[in-house]
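# Inside the fold
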Amino acid sequence: MNIILFGPPGAGKGTQATNLVDEFNLYKISTGDLLRKEIEKKTILGTKIKKIIDKGHFVSDELINDLIKKVLLDKKINNKLIFDGYPRNLSQAKALELLLINNNLKISCVLCLNVDKETIVKRILGRQICSNCGSIFNEYFNPSTMNSHKCDVKFLQKRSDDNEKTIKSRIETYKEKTLPILNFYKKQNLLYEVNGMAKIDDISKEIRDIITTIET
């Protein structure tokens, strides 16, 4: 079983991806993690990637696809994958399809967490991270209280890029890049849209029901 997980910034992809990994014994594939690991291993490809990143440039689709190709060659995990943050554009989606075909693999389903813009903005603007214990809260949905958080409020911090202008820009970029990919998978009857505005447990149940249906 191989799954692709989509959703705008603040949709809760990370939480749901972790749940899927635990429940279905999957391996999460994040391009950011793959890039860092390749650099740490100091491979020829890793050295090339480091030079590009150090110059402040984006890593090309070709290099990203090469990393995915290496993952798909690993028979221990290559049919138990959940892709989080890949593919990022239609070109990568088509490249992934060819790589899967060449390795006699396929995508089982594509899950898209749907969340409206107002909720996304509140989720991200309200996000607070405790620099002391690492706990994450939200001013609107899950505020820090004396019962839920023992650290002093002075430790609650926000990320510098969690501002309304940046958030809206990220949402528009997501729409622009992702809509063609979703249409690509919709034509293949692989796309399942999930209510990303529900409670975390309810979202997990909806996803679990979809996967169970596919498996049977």
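Please refer to the structure higher up on the page.
All values reported here derive from a predicted model rather than from experimental measurement.

### A few points about the pattern of salt bridges
Enumeration over the complete set of coordinates arrives at 10 salt bridges. Among the salt bridges present, the one from Glu38 reaches Lys41, with a minimum N-O distance of 3.8 Å. Across the pair Lys50 and Asp54 runs a salt bridge whose closest N-O atoms are separated by 2.8 Å. Placement of both Lys50 and Asp54 in helix α3 (residues 44–54) is noted, with a separation of 4 residues, approximately one turn of the helix. A relative accessible area of 55% means that Asp54 is categorised as exposed.

### Concerning the sheet that holds strand β5 (residues 127–130)
Ordered by their spatial adjacency, 3 strands build an open sheet running β6-β5-β7, and the pairing between neighbours is antiparallel. Two strands bound the open sheet, and with one partner strand each, they are β6 (136–138) and β7 (156–157). Looking at chain direction, β5 and β6 are connected through 3 bridges and run antiparallel. The residue of β6 that forms the bridge with Arg127 is Asn138.

### Regarding unusual backbone geometry
Omega for the peptide link from Tyr86 to Pro87 comes to 0°, which places this bond in the cis form. Examined against the element boundaries, Pro87 turns out to sit in the loop between β3 (81–84) and α5 (90–102). Unusually for a residue other than glycine, Asn189 sits at a positive phi of about 60°. With respect to the secondary-structure elements, Asn189 resides in the loop between α7 (164–186) and β8 (191–195).

### Here's the deal with the packing of α3 against helix α4 (residues 61–72)
One way to put it is that α3 packs onto α4 with a least axis distance of 11 Å and a crossing angle of 150°. Of the two possible hands of crossing, α3 and α4 adopt the one that is left-handed. Taken together, the residues of α4 that come into contact with α3 (itself represented by Leu45, Lys48, Ile49 and Ile52) are Leu63, Asp66, Leu67 and Lys70. The residue inventory of the contact of α3 with α4, partitioned by class, reads 5 nonpolar, no polar and 3 charged.

### So, helix α1 (residues 13–24)
If you check α1, its first and last C-alpha atoms are 16 Å apart, about what 12 residues at 1.5 Å a residue would give, namely 16 Å. Taken residue by residue, α1 has Lys13, Gln16, Ala17, Leu20 and Phe24 as its buried positions. Buried residues in α1, looked at end-on, bunch into an arc of 105°, giving them a common side. Downstream of α1 by one or two residues, Asn25 has phi in the positive range, about 55°.

Cut-offs applied
- Residues numbered from 1 in each chain as written.
- Predicted model: local features only at pLDDT ≥ 70, side-chain atom pairs only at ≥ 80, totals over all residues.
- Heavy atoms only, no water.
- Salt bridge = Lys/Arg side-chain N within 4 Å of Asp/Glu carboxyl O.
- Helix = DSSP H or I, 4+ residues; strand = E, 2+ residues; numbered from the N terminus.
- Buried < 20%, exposed > 50% of the residue type's maximum accessible area, 1.4 Å probe, protein only.
- Pairing = 2+ DSSP bridges.
- Axes fitted to C-alpha atoms, helices over the stretch in contact; angles between N-to-C directions.
- Left-handed = near helix turned anticlockwise from the far one by under 90°.
- Contact = heavy atoms within 4.5 Å.
- Nonpolar A, V, L, I, M, F, W, Y, C, P; charged D, E, K, R; others polar.
- Expected span 1.5 Å × (residues − 1).
- Arc of directions from axis to C-beta.

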